[in-house]
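# Structural description and commentary
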Amino acid sequence: MPDSNDTTNTTDTSEEYSFNAFSNLPFYRQVNARLLDLAEVGRQRRIVDLGCGTGGVTKLILDRLQSAKDTVIYAVDHSASALRDAVAELGGRRDAVIRFVQSPVQNLKTAISGDVDAVVYCNSIHYVPDKKNLLAQIREKLSPNGVLAINTSFFDGSHPPESEEFFRRWLMRSLRILKREYGMMPDASQKVESRQHLSQQQYESLFEESGFTILKSEVADIDVPESGWFHISGFKDWIEGVLPGVPLDAGRQALQKGLSQVFEERQIVTIPRRWLSISAARTN
Ligand SMILES: C[S@@+](CC[C@H](N)C(=O)[O-])C[C@H]1O[C@@H](n2cnc3c(N)ncnc32)[C@H](O)[C@@H]1O
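The following paragraphs examine the structure supplied in this document. As the structure is a prediction and not an experimental result, all values here were calculated from the model. (Residues numbered from 1 in each chain as written. Predicted model: local features only at pLDDT ≥ 70, side-chain atom pairs only at ≥ 80, totals over all residues. Heavy atoms only, no water.)

## Regarding the pattern of salt bridges
Overall, the coordinates contain 19 salt bridges when judged by the stated rule. The partner of Lys132 in a salt bridge is Glu209, and the shortest N-O contact between them spans 3.4 Å. A residue pair is termed long-range when its members are at least 10 positions apart, and Lys132 in helix α6 (residues 131–141) and Glu209 in helix α8 (residues 200–209) qualify at 77 residues. Across the pair Arg169 and Glu265 runs a salt bridge, and its minimum N-O distance is 3.3 Å. One end of the pair, Arg169, is in helix α7 (residues 164–182); the other, Glu265, is in helix α11 (residues 248–266), and 96 residues separate them in sequence. (Salt bridge = Lys/Arg side-chain N within 4 Å of Asp/Glu carboxyl O. Helix = DSSP H or I, 4+ residues; strand = E, 2+ residues; numbered from the N terminus.)

## Looking at the site of the ligand
In the vicinity of the ligand there are 18 residues, among which Ser23, Tyr28, Gly51, Asp77 and Val105 approach most closely. In this structure, an oxygen atom belonging to the ligand sits 3.0 Å away from a side-chain N or O atom of Ser23. For the ligand, the accessible surface in isolation is 590 Å², of which the surrounding protein chains cover 93%. The residue makeup of the shell around the ligand, split by class, is eight nonpolar, nine polar and one charged. (Near = heavy atom within 4 Å. Polar contact = N/O pair within 3.5 Å; in protein donor to acceptor, adjacent residues only side chain to side chain. Areas by Shrake-Rupley, 256 points an atom, 1.4 Å probe, with all protein chains shown as cover. Nonpolar A, V, L, I, M, F, W, Y, C, P; charged D, E, K, R; others polar.)

## Comments concerning the pairing of strand β6 (residues 142–152)
For β6, a buried count of nine out of eleven residues is recorded, marking the element as mostly surrounded by other parts of the structure. Bridging between strand β5 (residues 116–122) and β6 involves six bridges; their strand directions are parallel. Bridge assignment links Val119 to a residue of β6, and that residue is Leu148. Handedness of the crossover is the feature at issue here: the chain leaves β5, passes through α6, returns alongside β6, and the resulting connection is right-handed. Bridge count for β6 against strand β8 (residues 270–282) is six bridges, and the pairing is antiparallel. In the sheet register, Thr152 faces β8, and the bridge partner there is Leu276. (Buried < 20%, exposed > 50% of the residue type's maximum accessible area, 1.4 Å probe, protein only. Pairing = 2+ DSSP bridges. Right-handed = clockwise from strand over helix to strand, strands pointing away.)

## Some remarks on the packing of aromatic side chains
Overall, the coordinates contain 19 aromatic pairs when judged by the stated rule. With centroids separated by 5.8 Å and ring planes inclined at 55 degrees, the aromatic side chains of Phe166 and Trp229 adopt a geometry described as tilted. Of this pair, Phe166 sits in helix α7 while Trp229 sits in helix α9 (residues 226–232), and the two are 63 residues apart along the sequence. Side by side, Phe166 and Trp229 carry an identical accessibility label, which is buried. Here the aromatic residues Phe154, Phe166, Phe167, Trp170, Trp229, Trp238 and Phe263 are joined through ring pairs into a cluster of three or more. One cation-aromatic arrangement involves Arg273 over Phe154; the distance from NZ or CZ to the ring centre is 4.9 Å. (Phe/Tyr/Trp six-rings, centres within 6.5 Å; stacked < 30°, edge-to-face > 60°. Lys NZ or Arg CZ within 6 Å of the ring centre and 35° of its normal.)

## Thoughts on the state of the cysteines
One pass over the structure, following the stated rule, counts zero disulfides. With no disulfide of its own, Cys52 lies 11 Å from the sulfur of Cys122, the closest cysteine sulfur. Using a relative accessible area of 5% as the deciding quantity, one classes Cys122 as buried. (Disulfide = S-S within 2.5 Å.)

## Focus: the pairing of strand β3 (residues 72–77)
Counting buried positions along β3 gives six out of six residues, so the element sits mostly inside the fold. Residues Val72, Tyr74 and Val76 point to one face of β3 and Ile73, Ala75 and Asp77 to the other, with burial holding for every one of them. For strand β2 (residues 46–50) and β3, the ladder comprises five bridges, and the chain directions are parallel. Note that in β3 the partner of Asp49 across the bridge is Ala75.

## Brief notes about α8
Among all positions of α8, only Tyr203, Glu204, Leu206 and Phe207 are buried. Across the axial projection of α8, the buried residues extend over an arc of 160 degrees, all falling on one side. Seen from the open side of α8, the exposed residues pointing more than 90 degrees away from its buried face are Gln201 and Glu209. Phi turns positive one or two residues past the end of α8, at Gly211, with a value near 90 degrees. (Arc of directions from axis to C-beta.)

## A few points about the packing of α6 against α8
Where α6 meets α8, the axes come as close as 10 Å, and the angle between the chain directions of the two elements is 50 degrees. For the element pair α6 / α8, the angle class is oblique. For the crossing formed where α6 meets α8, the hand is right-handed. Packed against α6, whose contacting residues are Lys131, Lys132 and Leu135, the element α8 presents Tyr203, Leu206, Phe207 and Glu209 at the interface. (Axes fitted to C-alpha atoms, helices over the stretch in contact; angles between N-to-C directions. Parallel < 35°, antiparallel > 145°, perpendicular 65-115°, else oblique. Left-handed = near helix turned anticlockwise from the far one by under 90°. Contact = heavy atoms within 4.5 Å.)

If you want it as structure tokens, here you go:
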């Protein structure tokens, strides 16, 4: 079982609506592999996989360790069900020590003892409202030569204008299916608090103000295949964000059916998305 440092009231849903299927898609692994290059994880000894989810990135880290027996990976997430998936997948690995820590990232300071050489934070920083506080905690955790690497596809600029028509049509189709086949509509009063999307420039400034020196900041154009949108439609956070108040099963079905209709009618194979990656060192 994961260490439990959790102090928040997290909902434990079935692994059926987990991030796992998306996390293992080849295009997504490639995006994260690039980030692990930036963090030079192969040469690090104490590594935090922050917001590790079902362990897709933890697995990528394990694959690159030069001296796995001297390495500790802290896989931190607040979701009990995501960590259960991660433990099921990786708990038996004997080639490195993996400590699964159930904690909100906001409690990083107390969730892990001692300092670390690298923090990798894949596709999760946009969840946290008070990023300044989190960055201060990460800085405090890092050893003097420590590295932080984040990526996100939810920043100001992540949706290329040419993808807007696709999203509009996809939502329209999904709402129609939801109404016709399930007699339901989303409930706007249950909308998850909208997240503030920072621009690349704002992220860079935030890092610098928080005591980091930017090593690399880049935006990659990624062609996300239909399988990416299909699997993200089965992820709880995505369903709740797009169709607030709709039961997960109905939401997933409507989104997946709507998706295949739009891909078919428009004869498309991918939809572009931009991914921001930043690596930074502690400013000493
Ligand atoms: C989009 S998934 C990414 C998972 C993993 N990093 C990957 O790329 O495969 C985001 C993860 O962040 C976790 N998360 C979101 N907010 C969090 C918070 N405040 N504290 C800890 N984990 C959080 C979610 O539970 C989820 O597992």
